Amino acid sequence: MPSTYASRKGFSGERKDRLEKIELKAGREKSVLRRHPWIFSGAIASATDGIGSGSTVEVVSAKGECLGYGSFSPASQIRVRMLSFDRGRVPDASLVSERIALAAARREALLSAGYSNAARLVNAESDGLPGLVVDLYAGHAVAQFTSAGAEYWKGTIVEALMANLRGIRSVSERADVDARRKEGLDFKEGLHLLAGEEPPELIEIHEGAVKLFVDPRKGHKTGFYLDQRAARRTVGSFAKGRTVLNCFSYTGGFGIHAAAAGAAHVTQVDVSSDALALGRRNAEATLGPGYGEKMDFAEADVFKHLRWCRDSGKRFGMIILDPPKFAESKSQVLKAARGYKDINLLAMKLLEPGGILATFSCSGAMTEDLFLKVVAEAAEDAKRDFQIAARTGQDADHPVSLAFPEGLYLKGLVLRAV
Ligand code: SAH
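Nothing here was measured: the structure is a model prediction, and the numbers come from that model.

Participant: Outline the packing of helix 11 (residues 302–311) against helix 12 (residues 333–349), listing residues and values.
Facilitator: Running from N to C, helix 11 and helix 12 cross one another at 25°; their axes reach a closest spacing of 10 Å. Here helix 12 runs roughly parallel to helix 11, going by the angle between their axes. Crossing of helix 11 over helix 12 shows left-handed handedness. Listed contacts from helix 12 to Val-302, Phe-303, Leu-306, Arg-307 and Arg-310 of helix 11 are Gly-339, Asp-342, Ile-343 and Leu-346. Tallied by class, the residues present in the contact of helix 11 with helix 12 amount to 5 nonpolar, 1 polar and 3 charged.

Written out as structure tokens, the structure reads:
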């Protein structure tokens, strides 16, 4: 092996050193034994000073038993994220590459089915790669490294993505994620190319017959809400002939699916003028230059717009509510519940008889049970009866590890007013 290889900073030379040990407090090994990947700072009895950010540590119980290996994050409350529960497998570049290859293989069927050319390739903890999200848009991968461990393995991850994906054109990074601050990592705006060719300003993807432009530099998350793919399809299947109000439309996804499926008219509502501008381009790409006959765009606060619709006597055959996360943590759940109830109650009153309400929550802290309860209370106050016609959740490219319930966050109900 040439000496330059072993002496590269932070590369193989460092990793061959004896691993630092992190000893847990008595009893705190339980969640690790259940294969939950997070170890909070409060569970740790002792850790040597100066362990490098993202470097691999051996995790041992108070009795000195090896529980596996994880990535150390000195700045975060989540001090260690487990990479391996196998005592015989010290994480190294080959383990990380294998996980990437496996994650990509899991999306193979979805992508080769041809419905869409965009998918989440790596879903963090649930794909055995804590803190790593990779979304693929027509051959361009956009990654977020939101843990010290993911940042540490960045070079290996990029190489593995380029090596394992057929037709891959680039790997870029979005580093404007708050989680990076909690991990002591730098926060940067924009898109940063890591390998391959520079992606275009807008990347064109499709979902069935719907064409959508994704802005990987300024768009939300990595550019688009891939998690709602299945829900957009389901909502489309209920849309024919209806007058639709798509609230929190972002770049118009639900509304354009509804229009493509034969909705009579769609109004897209969002506070972001940039999102609506891209929504107009998306509408034109799918529906043609005459899209304005079937679709309009309102730059408005949904809470106010729904009240304005109520006061002006408007009625709709379908209303979609896909708001941003109202609860960031458990402590905000009560306040969030009031927000969900408010918009759902207003929307329910605006529905024609037989109308459809497609309502979603992406707050992980809000459980499915609680969401159902809040929506049921809204129906009670609206004095209307509803059937659950369909239930939706994050799509198949957002799998959730059974040992990591935190990965389950998105839920949706398609309700029919009776
Ligand atoms: N349904 C979309 C994703 C919605 S994301 C899709 O399938 O692609 C949430 C959107 O809500 C964002 O575009 C954000 O700009 C918008 N938003 C947040 N608060 C809002 C408010 N009070 N009124 C209107 N839009 C809002």
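Participant: Tell me what's going on with the domain arrangement of the chain, and back it up with residues and numbers.
Facilitator: Segmenting the chain into domains produces domain 1 (20–84), domain 2 (93–201) and domain 3 (225–417). A C-alpha centroid distance of 25 Å is found between domain 1 and domain 2. Taken together, the contact pairs 16 residues of domain 1 with 15 residues of domain 2. Interface area, domain 1 with domain 2, both sides summed: about 1100 Å², of which 56% is carbon and sulfur. Sorting the residues of domain 1 by area buried against domain 2 places Gly-54, Arg-81 and Leu-83 first, and these three jointly supply 46% of that buried surface.

Participant: Can you break down the packing of helix 9 (residues 253–260) against helix 10 (residues 273–287) residue by residue, with the values?
Facilitator: Look at helix 9 against helix 10: their axes get within 10 Å of each other, and the N-to-C directions meet at 20°. Taken together, helix 9 and helix 10 sit at an angle that is classed as roughly parallel. By crossing handedness, the relation of helix 9 to helix 10 is classed as right-handed. Where helix 9 abuts helix 10, its residues Ile-256, Ala-259 and Ala-260 lie against Gly-279, Asn-282, Ala-283, Thr-286 and Leu-287. Looking at the contact of helix 9 with helix 10 residue by residue, the classes come out as 5 nonpolar, 3 polar and no charged.

Participant: For the sheet that holds strand 6 (residues 78–84), give the residues involved together with the corresponding values.
Facilitator: The strand order across the open sheet built from 6 strands is 2-6-5-4-1-3, with neighbouring strands paired in mixed fashion. On the outer flanks of this sheet lie strand 2 (38–40) and strand 3 (44–47), each paired with one strand and no other. Neighbouring strand axes in the sheet, compared pairwise and without regard to direction, differ in orientation by 35° on average. For strand 5 (residues 66–72) and strand 6, the ladder comprises 4 bridges, and the chain directions are antiparallel. Opposite Gly-70, over in strand 6, you have Met-82 as the bridge partner.

Participant: I'd like a rundown of the pattern of salt bridges, residues and numbers included.
Facilitator: A complete count under the given rule lists 27 salt bridges for this structure. Where Glu-151 meets Arg-180, a salt bridge forms, and the shortest distance between an N and an O atom there is 2.8 Å. One end of the pair, Glu-151, is in helix 5 (residues 148–152); the other, Arg-180, is in helix 7 (residues 178–182), and 29 residues separate them in sequence. Residue class for Glu-151 comes out partly exposed when judged on its relative accessible area of 23%. Accessibility expressed as a relative area gives 0% for Arg-180, which makes it buried. Across the salt bridge formed by Arg-229 and Asp-395, the nearest N and O atoms sit 2.8 Å from each other. Of this pair, Arg-229 sits in helix 8 (residues 229–237) while Asp-395 sits in the loop between strand 19 (386–393) and strand 20 (411–417), and the two are 166 residues apart along the sequence. Across the pair, Asp-395 and Arg-229 agree in class, each one buried. Three or more residues are tied together by salt bridges with common partners; here these are Glu-151, Lys-154, Glu-173, Arg-180 and Asp-186.

Participant: Please set out the nonpolar core residue by residue, giving values where relevant.
Facilitator: Core analysis: the largest hydrophobic core is formed by 37 residues, its most contacted members being Tyr-137, Ile-205, Phe-224, Met-295, Met-318 and Ile-320. Of all the elements in the fold, those that place two or more residues in this core are strand 12 (203–207), strand 13 (210–214), helix 8, helix 9, helix 10, strand 16 (295–299), strand 17 (316–321) and strand 18 (351–361). Looking at which element gives the most residues to this core, the answer is helix 9, with 4 residues. In terms of domain composition, this core takes at least three residues from each of domain 2 (93–201) and domain 3 (225–417). Contacts of Met-318, omitting those with residues within four sequence positions, involve Val-235, Phe-238, Ala-239, Arg-242, Thr-243, Val-244, Leu-245, Leu-351 and Ile-356. The next biggest cluster of nonpolar side chains, apart from the first, holds 36 residues, and it includes Cys-247, Leu-321, Leu-345 and Leu-357.

Quick notes on the rules
Residues numbered from 1 in each chain as written. Predicted model: local features only at pLDDT ≥ 70, side-chain atom pairs only at ≥ 80, totals over all residues. Heavy atoms only, no water. Axes fitted to C-alpha atoms, helices over the stretch in contact; angles between N-to-C directions. Helix = DSSP H or I, 4+ residues; strand = E, 2+ residues; numbered from the N terminus. Parallel < 35°, antiparallel > 145°, perpendicular 65-115°, else oblique. Left-handed = near helix turned anticlockwise from the far one by under 90°. Contact = heavy atoms within 4.5 Å. Nonpolar A, V, L, I, M, F, W, Y, C, P; charged D, E, K, R; others polar. Domains from an automatic or database assignment. Buried area = accessible area lost by both parts, 1.4 Å probe. Pairing = 2+ DSSP bridges. Salt bridge = Lys/Arg side-chain N within 4 Å of Asp/Glu carboxyl O. Buried < 20%, exposed > 50% of the residue type's maximum accessible area, 1.4 Å probe, protein only. Core = buried A, V, L, I, M, F, W, Y, C linked by side-chain atoms within 4.5 Å.

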